[in-house]
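Each chain, written out:
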Amino acid sequence: MTGRAPIDIHPAPHVHGGDSVPRIMLHVVIALLPVCAFAIYLFGLAALATLTVATIACLLTERVFARDEHSTLGDGSALVTGLIYGLTLPPALPLWMVALGGVVGIGIGKVLFGGLGGNAFNPALVGRVFLQAAFPAAMTGYWLAPLGSDRFVSLPGTTTALPLLAPEGAAVDALTSATPLGDWKFAGAETPLLDLAFGMTAGSTGETSALLLMLGGLYMVAMRVADWRIPAALLGSVALASAALHGLDPERHPDVMFALCSGGLMLGAWFMATDPVASPLTPAGAWLYGLCIGLLVVLIRAFSGQPEGVMYAILLGNAIAPHIDRWLQPTPYGAGSGQS
Amino acid sequence: MWRRAAFTGGIDPQTHKERTRREPIRQFPFAPLLLVPLKQHAGSAALPAVREGDEVERGELLGRADGDLSVPVHAPAAGRVERIALMPTVSGVMVEGVYLAPFPGSTQEVPSGKPCDLDTATPAAIIDAIADAGIVGLGGAAFPTHAKLRLPEGKRVRLLIVNGAECEPYLTTDYRVMLEQSADVVRGMRYLRKAVAADDVVLAVEAWASEAADAVITAAPPELGIGVRVLPTHYPQGAEKLLINALLSAEVPPGGLPIDVGALCVNVATVAEIGRLLPFGRGIQERVVTITGPGVIDAGNYRIPIGTPLRFALEHVGTDPALSSVFLGGPMMGQPLASLDVPITKGISGFVAFTLAETKGRQRPWPCIHCGRCVTACPLGLNPCQLGLLARHGEVELMRSDFHLDQCFECGCCAYVCPSHIPLVQEFRAAKAQLRRADSRTGNDVAT
């Protein structure tokens, strides 16, 4: 040591808690793995292809557009977006649409806003909402029946359809009618609760199994990478509002358990509403944000022309998050002391 | 035993105190040349009281106080004044100081000055004696203690808080002082209590140091009525504002002083020094310093003469060849050092040396992901996330006017928890400096 001054001059604090952005993203990916595996078990090659193409589209877009001296792929956020985006799509969606939505989600939803940390809206949902607007028929109709017999043998005809060409009628005919929410809304038919909980239904690639999604969500909460208040407030308000509506008119409005376990609610509540970038900062803000999204979900499901409203509800929640942050600033020390 | 923290926010970093907490205070040898700055405290520098070539006794005045917000500087050793010139200090600023060469053969006995008798001295005389002894806050701020004790008109001390909550990781200075100098601590408390006519005196420690508090209480006659509060070990419990909050359930108003809520906080090492020096009328010549960290071989608690160059201190305790970083104070708020040729001054309670193993893993910052962990960790209820965002956009005025930047005391909790490794504290310090410069240009009063 003699004669040589210390080399490393670093401002305080000199120690760090040890957490990092890649570690957070890694935990989200771990939480998503069982959901992905179940999706592939349920829908076979179609789910595998959808997830793969969605993820690759997001990673490539990030790589090409996000110009940074360091690779922005290293933070893991594009991987998380890719997986979540894939899980929100109908399993038989044409792969070119899957890829296009991924490019839009990362390119417009994230990179244009400044990359990681800059996006106002959840990029996965930006991709999905673009597809919903551009290809409404495919996004609301290309469902697969769960556990199809040849799901590991061949891809559905719609999946391999060429860009901008309508798939052949036969391919579309092979698809199943509708999801549990669609059944309820348009046919008044209720899906058995056990099928909903375990996910043995038609639906978006990764939204069907309420239990696995909740398990992944609880894992993220335990690893402290998701704020538990958001799903708590969101699911709580959906439960309360659904109970109220169901009590008023049981014929028209489904019961609480159906409301909680159907559609994209669990996927959205645990994995998308909790996206820290687009959600409020403070604990009080998290409660309010979750509450707003939950009420919007019930409102859209019950009174709009669409069976499902989780996507729009979360995007609207993202839009009000900065305002919530402004209203609900933390109270600084000494603020209540009456002097200044 | 799990107990609720006395404040919201804060963090629980590894304390690393085990390595030195059982080490008794050891006397340090004199370096061949001591560098004694005439400004080791907040306020104006002392005026030189010696000339080059003078020979001084240990404890003799080297510098006299210049005005009310200043303290004298005493000779840490009997020796010869080699030079009076600029010298480097830890803050990076060169200040005037005395280069003192101790006499090798001297007994280094300290002659007594004018004793201040606890029983007969008036409160004003005690405060004067504290000023004459060159006492400043030994916890790190180095604010002249007598200035704190001269209360504003109409203010009364309801509670005198003796701060033994040594919350910075690694440091065990206050802990050892309480254990080994408990009689000094008690005597210091009696001086202070008399000086400010405090209603009550309480010694506050963190749970890990409860034995030290016991030692002080055992040394105190029960009729003194000195209270002890053992608070949970939770960083930054030792911060004045949070201590007051825990003990009085009151919050110091923004821009105000503890005395506004009837509290006065004095660091326990300062109290011990008052109790040790005043009966003999002596001044500060040395202080207890924890030297530790993975880069140090013989880690421990040392009584080191003021003015000892850090390089000499590190050579004395031995360092790891992979030594990579040295900072003063603990790892949360400690000041990094660019040079080892700076002296130990009154405000330095410890220094920590890291090796390459601790410093190489630092990560480049990622963008802020708004996770809100900094908001939860801030013990003052500020919004470090928003403050950091504004800092990166140069909106320093907004940081102060709308987001209470002045309240931040740079404890480092926000940066500690940040998963994006953003140097938030550094950004806040830069913003504060920018505001100070702007204020001095426009002549604004910073305190408003």
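Bear in mind the structure is a predicted one, so any value in this text is a computation, not a measurement. (Residues numbered from 1 in each chain as written. Chains lettered and ligands numbered in written order. Predicted model: local features only at pLDDT ≥ 70, side-chain atom pairs only at ≥ 80, totals over all residues. Heavy atoms only, no water.)

Focus on the overall build of chain A
For step 1, the next point in the chain: Scanning chain A for helices and strands turns up 15 helices and zero strands.
For step 2, the next point in the chain: The C-alpha radius of gyration of chain A comes to 22 Å, within 12% of the 20 Å expected for a compact globule of 340 residues.
For step 3, the next point in the chain: A total of 340 residues make up chain A; the buried ones form 53% of that total.
For step 4, the next point in the chain: Long-range contacts, defined here as pairs at least 24 residues apart, represent 78% of the contacts in chain A between residues at least 6 apart.
For step 5, the next point in the chain: Within the structure as shown, chain A displays about 14,200 Å² of accessible surface, and the carbon and sulfur contribution to it stands at 68%. (Helix = DSSP H or I, 4+ residues; strand = E, 2+ residues; numbered from the N terminus. Rg over C-alpha atoms; globule rule 2.2 N^0.38 Å. Buried < 20%, exposed > 50% of the residue type's maximum accessible area, 1.4 Å probe, protein only. Contact = heavy atoms within 4.5 Å. Areas by Shrake-Rupley, 256 points an atom, 1.4 Å probe, with all protein chains shown as cover.)

Considering the packing of helix H5 (residues 123-134) of chain A against helix H15 (residues 310-327) of chain A
All names here are of chain A.
For step 1, the next point in the chain: Packing of H5 against H15 brings their axes to within 10 Å, and their N-to-C directions diverge by 130°. Relative to H15, H5 is oriented oblique. With respect to the hand of their crossing, H5 and H15 are arranged in left-handed fashion. Contact residues: H5 offers Leu125, Arg128, Val129 and Gln132, while H15 offers Met311, Tyr312, Ile314 and Leu315. (Axes fitted to C-alpha atoms, helices over the stretch in contact; angles between N-to-C directions. Parallel < 35°, antiparallel > 145°, perpendicular 65-115°, else oblique. Left-handed = near helix turned anticlockwise from the far one by under 90°.)

Points about the side chain of Thr81(A)
For step 1, the next point in the chain: Summarising the element assignment, Thr81(A) is placed in helix H3 (residues 77-87).
For step 2, the next point in the chain: Ignoring anything within four residues of it in the chain, the contact list for Thr81(A) reads Cys58(A), Ile106(A), Pro123(A) and Ala124(A).

Focus on the nonpolar core
For step 1, the next point in the chain: In this structure, Tyr85(A), Leu93(A), Leu131(A), Val238(A), Leu265(A), Phe271(A) and Ile293(A) are the most contacted members of the largest nonpolar core, which totals 88 residues.
For step 2, the next point in the chain: Looking at which element gives the most residues to this core, the answer is helix H1 (residues 21-43) of chain A, with 13 residues.
For step 3, the next point in the chain: Among all residues touching Ile293(A), those that are not within four sequence positions of it are Leu234(A), Ala273(A), Ala313(A), Ile314(A) and Gly317(A).
For step 4, the next point in the chain: Ranked by size, the runner-up nonpolar core spans 53 residues in total, among them Ala142(B), Val205(B), Ala212(B) and Val216(B). (Core = buried A, V, L, I, M, F, W, Y, C linked by side-chain atoms within 4.5 Å.)

Structural notes on helix H4 (residues 95-107) of chain A
Residue and element names in this part refer to chain A.
For step 1, the next point in the chain: Taking 1.5 Å per residue as the helical rise, H4 with its 13 residues ought to reach 18 Å, and the 18 Å between its terminal C-alpha atoms agrees with that figure.
For step 2, the next point in the chain: A large share of H4 lies buried, amounting to 10 of its 13 residues.
For step 3, the next point in the chain: Buried within H4 are the following residues: Leu95, Trp96, Met97, Val98, Gly101, Gly102, Val104, Gly105, Ile106 and Gly107.
For step 4, the next point in the chain: The elements touched by buried residues of H4 are helix H2 (45-65), H3, H5 and helix H6 (136-141). (Expected span 1.5 Å × (residues − 1).)

Considering the packing of aromatic side chains
For step 1, the next point in the chain: According to the stated counting rule, one finds nine aromatic pairs over all chains in the structure shown.
For step 2, the next point in the chain: Measuring from centroid to centroid gives 5.3 Å for Trp96(A) and Phe135(A), while their planes differ by 80°, and the two rings are edge-to-face. Note that Trp96(A) is positioned in helix H4 and Phe135(A) in the loop between H5 and H6, a separation of 39 residues in sequence. For the pair Trp96(A) and Phe135(A), a shared accessibility class is recorded, and that class is buried.
For step 3, the next point in the chain: Measuring from ring centre to ring centre gives 6.3 Å for Phe28(B) and Phe312(B), while their planes differ by 75°; the resulting arrangement is edge-to-face. Within this pair, whereas Phe28(B) is found in the loop between strand E1 (26-27) and strand E2 (34-37), its partner Phe312(B) is found in helix H9 (residues 310-317), the two being separated by 284 residues in sequence.
For step 4, the next point in the chain: Exposure remark for Phe28(B): the relative accessible area of 3% places this residue in the buried category.
For step 5, the next point in the chain: Clustering of aromatic rings is evident, with ring pairs tying together Phe28(B), Tyr302(B) and Phe312(B).
For step 6, the next point in the chain: Between Arg151(A) and the ring centre of Tyr41(A), over which it is positioned, the NZ or CZ distance is 5.3 Å.
For step 7, the next point in the chain: Taking the ring centre of Tyr99(B) as reference, the NZ or CZ of Arg83(B) above it sits at 4.3 Å. (Phe/Tyr/Trp six-rings, centres within 6.5 Å; stacked < 30°, edge-to-face > 60°. Lys NZ or Arg CZ within 6 Å of the ring centre and 35° of its normal.)

Considering the packing of H1(A) against H2(A)
For any two helices packed against each other, one specifies the crossing angle of their axes together with the interaxial distance.
Residues and elements named next belong to chain A.
For step 1, the next point in the chain: Between H1 and H2, whose axes approach to 6 Å, the crossing angle comes to 140°. Judged by the inter-axis angle, H1 sits oblique to H2. Touching Cys36, Ala39, Ile40 and Phe43 of H1 are Leu45, Ala46, Ala47, Leu48 and Leu51, all from H2.
For step 2, the next point in the chain: Classifying every residue of the contact of H1 with H2 gives nine nonpolar, no polar and no charged. (Nonpolar A, V, L, I, M, F, W, Y, C, P; charged D, E, K, R; others polar.)

Examining the confidence of the model for chain B
For step 1, the next point in the chain: Averaged over all residues, the pLDDT of chain B is 92; the fraction at 70 or higher stands at 98%.
For step 2, the next point in the chain: Interface scoring of the predicted complex returns ipTM 0.90; its pTM is 0.92. (pLDDT = per-residue confidence, 0-100.)

Notes on the interface of chain B and chain A
Accessible area lost during the coming together of the parts is what is often quoted as the interface size.
For step 1, the next point in the chain: Across the contact, 59 residues belong to chain B and 44 residues belong to chain A.
For step 2, the next point in the chain: Both faces considered, chain B and chain A share a buried interface measuring about 4,500 Å² in area, 61% of it formed by carbon and sulfur atoms.
For step 3, the next point in the chain: Taken together, the connections running from chain B to chain A amount to one salt bridge.
For step 4, the next point in the chain: The residue Asp19(A) makes a salt bridge to Arg373(B) at a minimum N-O spacing of 2.4 Å. (Buried area = accessible area lost by both parts, 1.4 Å probe. Salt bridge = Lys/Arg side-chain N within 4 Å of Asp/Glu carboxyl O.)

So, the pairing of strand E9 (residues 159-164) of chain B
Residues and elements named next belong to chain B.
For step 1, the next point in the chain: Burial runs high along E9: six of the six residues are buried.
For step 2, the next point in the chain: By the alternation rule, side chains of E9 split into Leu159, Ile161 and Asn163 and Leu160, Val162 and Gly164, which are all buried.
For step 3, the next point in the chain: Of the pairings in the sheet, the one linking E9 to strand E10 (residues 200-206) comprises six bridges and is parallel in character. In the strand pairing of E10, Asn163 is matched with Ala204.
For step 4, the next point in the chain: Where E9 meets strand E12 (residues 263-267), five bridges bridge the pair, whose relative direction is parallel. For Leu160, the partnering residue across the bridge sits in E12 and is Leu264. (Pairing = 2+ DSSP bridges.)

Quick look at the sheet that holds E12(B)
Residues and elements named next belong to chain B.
For step 1, the next point in the chain: Here four strands make up an open sheet; going across it, the order is E11-E10-E9-E12 and the pairing parallel. The open sheet is flanked by strand E11 (226-231) and E12, the only strands paired with a single partner. In this sheet, adjacent strand axes meet at a mean angle of 25° when their direction is disregarded.
For step 2, the next point in the chain: Seen against the sheet, helix H7 (residues 240-248) touches E9, E10, E11 and E12 and runs at an angle of roughly 125° to E9.

Some words on helix H15 (residues 424-442) of chain B
For step 1, the next point in the chain: Taking 1.5 Å of rise per residue, 19 residues should cover 27 Å, and H15(B) covers 27 Å from first to last C-alpha, within 8% of that figure.
For step 2, the next point in the chain: Contact partners of the buried residues in H15(B): helix H11 (373-377), helix H12 (384-392), helix H13 (396-403) and helix H14 (413-417) of chain B.

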